[in-house]
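The primary structure of each chain is shown beneath.
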Amino acid sequence: MSKRDAFLSAACKENVKDFLHYIQLHKDKAEPFDVEEVVHEMPRKQREALWGKLVSLLQDVLQELPSDRGEEGMEVESNADPVLQDGDTYKCLLEIAHRLHDVLASLSDSESPLHLHIHTLCEAWWKKGLQEREKFGRTAFLISLQKSFILKKPGVEIQRVWGLHDVLLSIDYTSNDNKQIIDLLLQCFHRHIYITNEDGKRFLVFLFSWNINFIWVIHGTIKNQLEFYSKTMTSNITEIYFRAWKKASGDFLDTIESSCIQDFMQNAILLRRASPVHAKVRQIVSYFHSRKGCNQVDKMLYNLYKPILWKALNAPNFEVRANATLLFTEAFPVHDPDQNNQNIDEAIQKQLDTAMGLLNDPHPAVRSNATLGVCKILAKCWELLPPTIITDFLKKLVMELAADTSSPDVRCSVFKCLSIVLDNALCHPLLEKLLPTLKYSLHDNSEKVRTAFLDMLIKVKAVRAAKFWDICSMDHLLARLAIDSHPVSKRIVDLLFKSFLPVNESEREWCCRCITLIQMNPMAARKFYRFAHKHTAPTNIIKLILAIRRILNSCIQSDCDVSELNDSNKENSVQADHALLGKDKTVASSLLEVVVILWRSVEKALKHNKEAQKYTFAKFGNVMSKYFSTFEDERSTVALIQLASFMPPSAVPTFSCGVLSRLRKMDSGVLATQYGQLLDCMCSWGQATNILELITDWLTEALPKQGNKTNTSRKVRIQETVEAKPDLALTYLEYLFSHTSPREEVLALSPGPLKQLHTVLGNWKTVLYTHLSTASEDPKSPSVDVALKAFLYYSRLGAHLQHNSSEGREYLLSVENVAVWVAERVLPFLTKTDGDDEDSDKSQPLATQITESFLTVCRDILLVGLGDETFKGQILHLCSLILLSEAGYLCIPAILTILKEVADSYAPENKQAQEHPEDETAVILGVVANIFQKIIELLACRLRKEPEEGKLLCQSSVPGLTDFLQVAQTLQMAPLGGVFSTVFAVIIVEKQRMLQKITHPEEVIIPESVEDMPPLSSVLLSVILKSPSVTRAFLTEVGSSLDSEAISTLPELAAVLHVLAIIRHTGQSKAGLKSAAISVQQQLHKLAVTGVDSRDIQRVVYESSVKTLNEMLDS
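Residues numbered from 1 in each chain as written. Predicted model: local features only at pLDDT ≥ 70, side-chain atom pairs only at ≥ 80, totals over all residues. Heavy atoms only, no water.

Asks: Looking at this structure, how should I read the overall build of the protein?
Replies: Counting its regular elements, the protein contains 59 helices and 0 strands. The 1115 residues of the protein split such that 51% are buried. For the protein, the share of sequence-separated contacts (at least 6 apart) that also reach a separation of at least 24 residues comes to 71%. Working note: accessible area of the protein is about 52,900 Å², and carbon and sulfur atoms make up 51% of it. (Helix = DSSP H or I, 4+ residues; strand = E, 2+ residues; numbered from the N terminus. Buried < 20%, exposed > 50% of the residue type's maximum accessible area, 1.4 Å probe, protein only. Contact = heavy atoms within 4.5 Å. Areas by Shrake-Rupley, 256 points an atom, 1.4 Å probe, with all protein chains shown as cover.)

Written out as structure tokens, the structure is:
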């Protein structure tokens, strides 16, 4: 039996296993059996018989196989792809296709292979153009479209969609049955892969030609998504619009132009600059402008701009004019290519006149945009424009707009845009004559104008349009370099670099130009060499350093560098260098400063090149001692000390051995410039331990001796006797910890010296307590200022050591112990001063100073995140004790800063807040709220008892109150909710009392500002109104208090309205204000129902309240 007969006989229910075997052979590429080949070889009648048998087999499979085996049986049929020849009848095959098509709806996700086969069958049916192809093509297209959205790599499926795009021509756009397909088609414009894939672009372009009514739907979808498109996506969308427009004709072309392109043009004109889609719309319109030069594009732009652009250029709104100016100048010339040359020339002349008019626009934004547009026109059309027009434009820009005093933006725009014109070499001769008039723009008041001017000079230099020093003299450039900001200085160095450090010249020439620069402007020279390393390699910087060294050696007649001086040529060189430098010592000082600046700029590079570093150390080490003895002026000494700090101590042995001695011999009150560099040297040499020992010794020796005991156990030291200087020791300590580099060196030391210093500083508490408890001053005892400083540095050093500690809280515990000491020893002295008590007059200010200083240290510890829950609890407990003391109110400003930092540590954005359990947080914040309430009570109390003192106290508390309320409004936690409740209650109570004291109706006045309120309310409201967010939180509290009916009497409601009236005058939180006013209205209505007190004052207050309320609700 032949293969054909065997295959035909197997296509029945009885031989289904044989049939499946043939299908498997067909799938196996190693087997020669091919179903398609067998079917092709069959006669027509045999093929028709095969289709009939397959219909029966499919019917049997669908009816008899259980659902879990349905896929297996149907897979047989799906592999029988139609192999038809001319003249074949395929009625049975069509029935098979219909049956399989109907099966699609019931297939599950697990049956994807069968789904794929049926999909392939439908696609093949459409492409072969067989009967009822529209039905199968629609299904194949829909499946491909859906799959392209869910596949991770849908490129192949998008290609199939494009291959089936003609299916859409057979689909009725208006039919509800096709709504699913239309929705999917619109989703294509949301998908990045469709917009960027080439086949996807072709398909999206085709969609613009499917149905004319579908165009505006597509356009609306794109506009809605435009905000979320990236710049690249927008570029691809623009290309799709352009290709769709180019392929369109007839009504489709008119619709694309009017509904899409012209709509983008109108939006580009009318949208505000702040709109998130403005830049995207401008990008789309600019793409069409960039395709100018083609008659079809020019004609389209002319027709579409004609009804909208010229009106917009004269619109009353400046933003519309500014946007239109950009479009007009970018699309210039906007002309009809079908007109004759004379008409085109007249139209262009009118447009040039319009551009000149825009340069005179009253609004700076329009003038800035016109400047940009005119410069683009000049750069693009220089050869085509008449010389008089070009000259007029450039004179307008250079002579007038570059000196526009009303707007720095316009001046800045001129210089930025002239750089565009400079790209056209034809403009250089004319600009060479005009640009020198701009030289004083280098000294413009606006930094951005100066930077733009310098960018233009750099452009002039790059394109060789003119000599930049002819435009702006070297003296002016150096004067500005000496004093200006980093952005300006950086550009000046960029401009001048090759003039003063020509890397292709000899090193001697570098030095000559360096000295010339120093002589012209020493400060500018220092600035120039600070930026030099950004323009050349570190090797050149090191060469310059060594070349300057040779110049300096000519001043000292050094016999140290024998190898250099023995050589006759080099000796001649040294003599020449001496002639170059002359006898001007100020130049030598400046050269030393330049060496320091250059060395610092390549210090990291030197560390990576040990050989170069060693060579440089050796060269300078040979002459440093001579430098110190020759260059003795202050500037040179400062530079030499800095230079010595870059080198190891062994390279400068004479100097390094005497640094500690110089520090020891300094007097108290010495300036930081005299000791700071010496301390930096010691730290950079790794000798920070010696400094700490000196500080520790001085602080130890200055402490009063206990009883008559003498220290006989100390070992004998042979050294110069110098008295203890505790104040200088603390000055050194302050310098070490207030500068980053020394601090890092000190904290990197072993724990021993630091612990010892920490212990010694802690012992100074006894000195401080002696001053606090004793009325008379002991002349032999250290001063109170020194004792207080040592006391503070004990806690500060503890904080540094805690931060440096990897585990435990030993040093944090030491700060907590200080808090206990303050509570036990200092707070008893925090009493009111009495003029008759001399001890009290001295002790109370000192106790206040000690307490406030310690709280400041604690605030800093909390600020850097070192305080844990225990620390916060201890410090808050101390704050409570301070407020309970007799004169504790004096420390309110310092306590408020503590409350702010504690609350801020629980803010949502703070990482520490996520680590705290909720119960601990509630407890801590509850304590914070209670302390704040006590503070408000104390402020009110002081204002009642001592009004003047109370006002001063309130004013000093304003910064702390502002910061604390700002943090409190960010926290939505319950314990801090009472903060605004406390503030609101105090304001209302104080205002209510004032209203109750009114005796005449004329005294009932609605306040307009915080100054019209009682003292404490005035301060609190001024703090609240500083921040819109705090104002909203306060109004929320007002509303909740009114809704809870906690405020119900007429004086209380009147007080609330007075507060709301003040907020209304500021224009803040209109929504919250209106909501609170409605709540007041509801309460007032109740009072109106129950009747108003017949007394005149009450009636006047009520009527005034109603009037104020109506004004609020009507506004």
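Asks: What should I look at first to understand the nonpolar core in this one?
Replies: One broad trend across soluble globular proteins is that nonpolar side chains are buried collectively. Phe-203 and Phe-1034 are the most contacted members of the largest nonpolar core, which totals 356 residues. Considering every element that reaches this core, the biggest residue donor is helix 52 (residues 918-945), with 12 residues. Core analysis: the next-biggest nonpolar cluster, separate from the first, contains 8 residues, Phe-33, Val-35, Val-39 and Met-42 among them. (Core = buried A, V, L, I, M, F, W, Y, C linked by side-chain atoms within 4.5 Å.)

Asks: Teacher, can you tell me more about unusual backbone geometry here?
Replies: Residues other than glycine predominantly adopt negative phi, and peptide bonds predominantly adopt the trans conformation. Following Phe-332, the chain continues into Pro-333 via a peptide bond in cis, with omega recorded as -5°. On the secondary structure map, Pro-333 appears in the loop between helix 19 (318-331) and helix 20 (341-359). Positive phi, close to 55°, is recorded for Arg-464, a residue that is not glycine.

Asks: Please clarify how the pattern of salt bridges should be interpreted in this entry.
Replies: Close approach of charged atoms allows side chains of opposite charge to pair. The full count for this structure, using the stated rule, is 34 salt bridges. Note that Lys-292 is salt-bridged to Asp-298, the shortest N-O span being 3.3 Å. Judged by relative accessible area, which is 21%, Lys-292 ranks as partly exposed. In this structure, Arg-491 and Asp-455 form a salt bridge, with 2.9 Å as the shortest nitrogen-oxygen distance. One end of the pair, Arg-491, is in helix 28 (residues 486-500); the other, Asp-455, is in helix 25 (residues 447-463), with 36 residues separating them in the sequence. Residue classification places Arg-491 among the partly exposed positions, given a relative accessible area of 22%. Put simply, Glu-198, Lys-201, Glu-239 and Arg-243 are held in one network by salt bridges that share partners. (Salt bridge = Lys/Arg side-chain N within 4 Å of Asp/Glu carboxyl O.)

Asks: Whenever I open this one, the packing of helix 31 (residues 538-556) against helix 36 (residues 610-621) confuses me. Can you help?
Replies: With their axes 11 Å apart at the nearest point, helix 31 and helix 36 run at an angle of 15° to one another. When the interaxial angle is binned, helix 31 and helix 36 end up roughly parallel. Viewed along their axes, helix 31 and helix 36 form a crossing whose handedness is left-handed. Taken together, the residues of helix 36 that come into contact with helix 31 (itself represented by Ile-542, Ile-545, Leu-546 and Arg-549) are Tyr-615, Thr-616, Lys-619 and Phe-620. For the contact of helix 31 with helix 36, the residue count by class is 5 nonpolar, 1 polar and 2 charged. (Axes fitted to C-alpha atoms, helices over the stretch in contact; angles between N-to-C directions. Parallel < 35°, antiparallel > 145°, perpendicular 65-115°, else oblique. Left-handed = near helix turned anticlockwise from the far one by under 90°. Nonpolar A, V, L, I, M, F, W, Y, C, P; charged D, E, K, R; others polar.)

Asks: Explain the packing of aromatic side chains here, please?
Replies: Overall, the coordinates contain 34 aromatic pairs when judged by the stated rule. Relative to Phe-328, the ring of Trp-310 has its centre 5.6 Å away and its plane inclined at 70°; by these criteria the two rings are edge-to-face. Remark: Phe-328 occurs in helix 19 and Trp-310 occurs in helix 18 (residues 309-312); sequence separation between them is 18 residues. Note on Phe-328 and Phe-332: the rings are 6.4 Å apart at their centroids and 85° apart in plane angle, and the pair reads as edge-to-face. As far as burial versus exposure is concerned, Phe-328 and Phe-332 are alike and both buried. Among the aromatic residues, ring-to-ring pairing joins Phe-141, Phe-149, Tyr-194 and Phe-203 into one connected group. (Phe/Tyr/Trp six-rings, centres within 6.5 Å; stacked < 30°, edge-to-face > 60°.)

Asks: How should the side chain of Asn-178 be read in this particular structure?
Replies: With respect to the helices and strands, the residue Asn-178 is situated in the loop between helix 9 (155-163) and helix 10 (179-187). Among the residues examined, Asn-178 registers a relative accessible area of 7% and is labelled buried. If we skip the residues at most four places from it in the chain, Asn-178 touches Arg-138, Ile-171 and Asp-172.

Asks: Would you mind showing me how to read the side chain of Asn-211 here?
Replies: Position of Asn-211 relative to the elements: it lies in the loop between helix 12 (198-207) and helix 13 (212-225). A relative accessible area of 19% places Asn-211 in the buried class. Engagement of the side chain of Asn-211 in a polar contact is seen with the backbone nitrogen of Asn-213, the distance being 2.8 Å. (Polar contact = N/O pair within 3.5 Å; in protein donor to acceptor, adjacent residues only side chain to side chain.)

Asks: Explain helix 16 (residues 278-290) here, please?
Replies: The periodicity of an α-helix, 3.6 residues per turn, causes residues three or four positions apart to be oriented the same way. Over its 13 residues, helix 16 extends 18 Å from the first C-alpha to the last, a length consistent with the 18 Å expected when each residue adds 1.5 Å. The set of residues buried in helix 16 consists of His-278, Lys-280, Val-281, Arg-282, Ile-284, Val-285, Tyr-287, Phe-288 and His-289. In the core, the buried residues of helix 16 are packed alongside helix 14 (231-247), helix 15 (250-270), helix 17 (295-305) and helix 19. (Expected span 1.5 Å × (residues − 1).)

Asks: Help me out: how do you make sense of the environment of Leu-663 in this one?
Replies: Structurally, the position occupied by Leu-663 is in helix 40 (residues 659-665). Sequence spacing of Leu-663 and Gly-676 is 13 residues, and the spatial spacing of their C-alpha atoms is 9.8 Å. Contact partners of Leu-663, with chain neighbours within four places excluded, come to Tyr-675, Leu-678, Leu-679, Met-682, Trp-698, Leu-728 and Tyr-732.

Asks: Can you help me understand the environment of Pro-704 in this one?
Replies: Tracing the backbone shows Pro-704 in the loop between helix 42 (688-702) and helix 43 (726-738). When the C-alpha positions of Pro-704 and Trp-764 are compared, they lie 9.5 Å apart, and in sequence the two are 60 residues distant. Aside from chain neighbours lying at most four places away, what touches Pro-704 is Val-767 and Pro-782.

Asks: What exactly am I supposed to notice about a positive patch on the surface here?
Replies: A surface patch of positive charge is lined by Arg-944, Lys-945, Arg-993 and Lys-997. Along the polypeptide, Arg-944 turns up in helix 52. For Arg-944, a relative accessible area of 56% corresponds to the exposed category. (Patch = residues over 30% accessible without salt bridge, like charges linked within 9 Å, V, L, I, M, F, W, Y side chains within 5 Å. Lys, Arg positive; Asp, Glu negative; His and termini not counted. Charge placed at Lys NZ, Arg CZ, Asp CG, Glu CD.)

Asks: Sorry, what's going on with the packing of helix 15 against helix 19 here?
Replies: Helix-helix packing is described using two parameters, namely the angle between the two axes and the distance between the axes. Helix 19 packs onto helix 15 with a crossing angle of 130° between their chain directions and a minimal axis gap of 7 Å. One finds that helix 15 runs oblique with respect to helix 19. Counted together, Met-265, Ala-268, Ile-269 and Leu-270 of helix 15 and Glu-319, Val-320, Asn-323, Ala-324 and Leu-327 of helix 19 form the full contact between these two elements.

Asks: What exactly am I supposed to notice about the confidence of the model for the protein here?
Replies: In regions of low pLDDT, the predicted coordinates are not meant to be interpreted in detail. The predicted model of the protein has a mean per-residue pLDDT of 84, with 84% of residues at 70 or higher. Throughout residues 65-82 the model reports pLDDT below 50, and contacts reaching past four residues in sequence, or to other chains, amount to 33 contacts. Of the regions scoring below 50 in pLDDT, residues 558-576 engages in 19 contacts with residues more than four places distant in sequence or in other chains. (pLDDT = per-residue confidence, 0-100.)

Asks: Honestly, helix 31 in this entry has me stumped. Any pointers?
Replies: When the terminal C-alpha atoms of helix 31 are compared, their 28 Å separation across 19 residues agrees well with the 27 Å that a helix rising 1.5 Å per residue should span. Buried residues dominate helix 31, accounting for 15 of its 19 residues.

Asks: What's the story with the state of the cysteines in this structure? I'm lost.
Replies: Where two cysteines share a covalent bond between their sulfur atoms, that bond is called a disulfide. Under the defined criterion, the tally for this structure stands at 0 disulfides. The thiol sulfur of Cys-512 is not disulfide-bonded, and the nearest other cysteine sulfur, from Cys-511, lies at 7.1 Å. Cys-879 takes part in no disulfide bond, and the closest cysteine sulfur, belonging to Cys-858, lies 7.9 Å away. Judged by relative accessible area, Cys-879 falls into the buried class, the value being 0%. (Disulfide = S-S within 2.5 Å.)

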